[in-house]
Every structure is written in C-alpha cells, then in structure tokens.
Protein chains: 2
Amino acid sequence: MSAAIELDSVDLALLAELQNDARISNKDLAARVGVAPSTCLARVQRLRQRGVIHGFRVVLDEKALGNTVEAFLAIQMTPHNQAFVPPFIEETLRRPGVREIFLLTGPDDFMVRVSVQDLNALQRLVLEHFTTRREIAAVQTRLIFQSWAGGPIGPT
Amino acid sequence: MSAAIELDSVDLALLAELQNDARISNKDLAARVGVAPSTCLARVQRLRQRGVIHGFRVVLDEKALGNTVEAFLAIQMTPHNQAFVPPFIEETLRRPGVREIFLLTGPDDFMVRVSVQDLNALQRLVLEHFTTRREIAAVQTRLIFQSWAGGPIGPT
DNA sequence: GATGAAACGATCATTTA
DNA sequence: TAAATGATCGTTTCATC
C-alpha cells in the first residue's frame, strides 16, 4: 500500500487508459493494451490489491453543479496547537464545498481547495467555518481563474 | 456544459455513488440509488450529455508508483508576459510529475502540484524546467506532508 | 498469459404510470 | 414525460490449458 512497486509496460498502459476513462469495459481495456480480457481483469485486480489503484472516481463539472467560484484558502494556525489538527480536518472535510486539504511546510500550514456557488458562499464559508476558530491565526483567499490537470504517469 | 443544471435527488445520489466507486456496475449502481437499471443507465448518460459528468478517472497511490515527494510550487511570473502563458502551461503539463496547474489571483500567479520520486527529482524539476525560464521571476516550494480529499457534493 | 464456456449484466423496444 | 419490464445480446469471469 505504500512501498514502490514494480510496474511493467502492461501495468503502465492499463493505468494510462484508466486515467483516461475509468469506466471503460474490461474487454475494451484489454483490446487497447493488447492482452486477453482474463489477463486484463487479473492485472487490474492485482493493481488494486497491491494498492497502486486506490479507486475510481467520477470527474464532475463544478459549473454544472452550480459552483462558479473556486479558490485556495491558505491557512495559518496559531502555534503549538497540534491537538486541534484532527478535528479541524474532520470538520472541514464535512463542509460542503471543501474539495481537498493539504498539510504543508512553509508559512501556510494548510491549503484548502474549495468550490462554491458564488462569492457570497465563499465569504460565508470563510467567516463561519474558518475565521471563527481559535486555532486559526489567518486565512488568505486566492481565487482560481483556471486549472489544468493531467501529465503523464511514468517515472520522474 | 457550463451553466448550472437542475439535479434531482436521484442525480445527486448517482453522483455520490460514482464519486465513491466510478467502476461500479450499472446494475449495482441502480440498486444502490433505488431505481431500475434502465433508468440508471439513462440518467448517467444524460449526466454525461449535459456535461455534469466530465469523465471517470482512476485514483493512484503516488507512493506505490514510486513517488515519495509531493509539493506545491508557487510561481511568480515576470510582469506583462501573458503571451508566455499558453506555452508555459502546455510544456509544464507534459513534464512527468506535474499533476495540476492553477492560475490564481494574489501574489503567486501559478500553483503547480507535483509528485516526484524524491527530493533530487524535485530539485531537478524545479531547476531544469522552472527557474531556467525567463518569464518566471520566482519559485517557492511547499512540501505536502499529507492531504485529504472528499467532502459532500451538495449545494454550498 | 490465453482459451472457451457458463453466468451475468448492459441495453433497448415496449409497456405502464 | 419518465420509469419499469423483459428479451436479447454482449461481457465478465473462471476453470483449464
């Protein structure tokens, strides 16, 4: 689940195809990478077992969901409050609009990526959930104008 | 593909299930949300057509892929170089290890999320791809200690 | 890792509410 | 108009090579 794992060219091809369309049928997936369906099935199952594949998720269009504003919230905690971290994470993840949380090095302790209906909803989220907490010293909002995902899988 | 779209409770339930496991069979998906398989199939197809669903992706374990270091690179561009943006984005996306790029408001123009083998690979990526570019004024590296994903889908 | 067959699911025309 | 039924067709899956 966490050590580096040997991946041959078939594994890498499978992962690349699943990155492109995770709901492809096993038969089509097999055809695309040039193995038999049974082999393909066993390979994908093995990649899940070995922890290379964590799961499969739908990619949603935030605008279609009604969210027009995406942002990063850069959060600085007050010093020496490590005990507050787990409940902060848990409660923040439960908050609608919160997409990802990153615990970082550097001047900002956390970055929270959010996606909300509009600027009012952003303001409400920041004021009601973040700035009211004693363990939070500062919150900076950086709006996301545009984003791009992807990049090849191979070695760095 | 970009305006807000009416989603009823069945749509939201489907999206929640697909967020949890995008490779669930149509039959199981139908059973989980309490509709007939044919209805389920039509609903998911409609969500794709209306652009609510962008696609389905595999979620990989970076450590299992051999990547032990994840980081954000906060990048400041030199002023008035908008023409450099599209080629910068394109070439950065092609670079192995680059996962996401965000164009932001605030002091940092871009945030690039990367995932690489080790600190040497990170150093190489930063020095070879970023700091050598004339259009880039500064790069700050913030290592990611830990991250969490998720949160409910509903309205904000 | 491939083959081939049995079991199962996806899909669509039709029916029903 | 939207969802369920039920038949057909294709896919998944596993024992075997």
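In this report, we go over the structure that sits alongside the text. Worth saying up front: this structure is predicted, and the values here are computed from it rather than measured. (Residues numbered from 1 in each chain as written. Chains lettered and ligands numbered in written order. Predicted model: local features only at pLDDT ≥ 70, side-chain atom pairs only at ≥ 80, totals over all residues. Heavy atoms only, no water.)

Right, let's get into the nonpolar core. Ranked by internal contacts, the top residues of the largest apolar core, which has 42 residues, are Leu15(A), Ile53(A), Leu15(B) and Ile53(B). Each residue touching Ile53(A), except ones within four places of it in the same chain, is listed here: Leu15(A), Leu18(A), Val44(A), Leu47(A), Arg48(A), Val58(B), Val59(B) and Leu60(B). (Core = buried A, V, L, I, M, F, W, Y, C linked by side-chain atoms within 4.5 Å. Buried < 20%, exposed > 50% of the residue type's maximum accessible area, 1.4 Å probe, protein only. Contact = heavy atoms within 4.5 Å.)

The immediate surroundings of DNA strand C are formed by Val35(A), Ala36(A), Ser38(A), Thr39(A), Arg43(A), Ser25(B), Asn26(B), Lys27(B), Pro37(B), Ser38(B) and Leu41(B). When atoms of DNA strand C within 4 Å of the protein are sorted by moiety, sugar and phosphate together comprise 73%. Measuring from a phosphate oxygen of DNA strand C, one finds a side-chain N or O atom of Arg43(A) at 2.4 Å. Elements with a minimum of two residues in the surface near DNA strand C: α3 (37-49) of chain A together with α2 (26-33) and α3 (37-49) of chain B. (Near = heavy atom within 4 Å. Polar contact = N/O pair within 3.5 Å; in protein donor to acceptor, adjacent residues only side chain to side chain. Helix = DSSP H or I, 4+ residues; strand = E, 2+ residues; numbered from the N terminus.)

For the rest of this paragraph, the subject is the side chain of Glu135(A). Residue and element names in this part refer to chain A. Secondary-structure assignment places Glu 135 in the loop between α5 (119-130) and β5 (136-149). Glu 135 gets classed as buried once you look at its relative accessible area, which sits at 6%. Only 2.8 Å separates the side chain of Glu 135 from the side chain of Arg 133, close enough to count as a polar contact. When sequence neighbours within four positions are dropped, the list of residues in contact with Glu 135 reads Gln 76, Met 77, Thr 78, Asn 81, Phe 84 and Phe 88.

With that out of the way, let us pick up the relation of the copies chain A and chain B. By a simple turn and slide, chain A fits onto chain B: the slide is 0.0 Å along the axis, the RMSD is 0.1 Å, and the turn is 180°. What we have between these two chains is a two-fold relation. (Least-squares fit on C-alpha atoms with pLDDT ≥ 70 in both.)

Attention now goes to the interface of chain A and chain B. Listed as interface residues are 71 residues of chain A and, on the opposing side, 71 residues of chain B. Looking only at chain A, the three residues that lose the most surface to chain B are Arg23(A), Trp148(A) and Thr156(A), adding up to 14% of its buried area. Where chain A meets chain B, there are zero salt bridges. Applying the counting criterion to the chain A and chain B interface returns 35 residue pairs in polar contact (both at pLDDT 80 or more). Mapped onto the side of chain A that touches chain B, the elements with two or more residues apiece are α1 (9-20), β1 (53-60), α4 (85-94), β3 (98-104), β4 (110-116), α5 and β5 of chain A. A class-by-class count of the residues in the side of chain A that touches chain B yields 39 nonpolar, 19 polar and 13 charged. (Buried area = accessible area lost by both parts, 1.4 Å probe. Salt bridge = Lys/Arg side-chain N within 4 Å of Asp/Glu carboxyl O. Nonpolar A, V, L, I, M, F, W, Y, C, P; charged D, E, K, R; others polar.)

With that out of the way, let us pick up the packing of aromatic side chains. Throughout the structure, instances matching the rule amount to seven aromatic pairs over all chains. Where Phe88(B) meets Phe130(B), the ring centres are 6.1 Å apart and the plane angle is 70°; that geometry is what we call edge-to-face. Here Phe130(B) lies in helix α5 (residues 119-130) and Phe88(B) lies in helix α4 (residues 85-94), a separation of 42 residues in the sequence. Here Phe88(B) falls in the buried class, since its relative accessible area comes to 0%. For Phe130(B), a relative accessible area of 0% puts it in the buried group. An aromatic cluster is present here, built from Phe72(A), Phe102(A), Phe72(B) and Phe102(B) joined pairwise through their rings. (Phe/Tyr/Trp six-rings, centres within 6.5 Å; stacked < 30°, edge-to-face > 60°.)

Taken together, Ser25(A), Asn26(A), Lys27(A), Pro37(A), Ser38(A), Leu41(A), Val35(B), Ala36(B), Ser38(B), Thr39(B) and Arg43(B) make up the full set of residues adjacent to DNA strand D. Taking Ala36(B), its main chain carries an N or O atom lying 2.9 Å from a phosphate oxygen of DNA strand D. Taken together, the elements giving at least two residues each to the surface near DNA strand D come down to α2 (26-33) and α3 of chain A together with α3 of chain B.

Moving on: the pairing of β3(A). With six of seven residues buried, β3(A) is to be regarded as a mostly interior element. Bridge count between β3(A) and β4(A): five bridges; the pairing is antiparallel. Paired with Glu100(A) across the bridge in β4(A) is Arg113(A). Between β3(A) and the antiparallel strand that follows it, β4(A), lie five residues; Gly106(A) among them carries a positive phi value of about 95°. The pairing of β3(A) with strand β5 (residues 136-149) of chain B spans five bridges and is antiparallel. Across the sheet, the residue bridging to Phe102(A) is Ser147(B), located in β5(B). (Pairing = 2+ DSSP bridges.)

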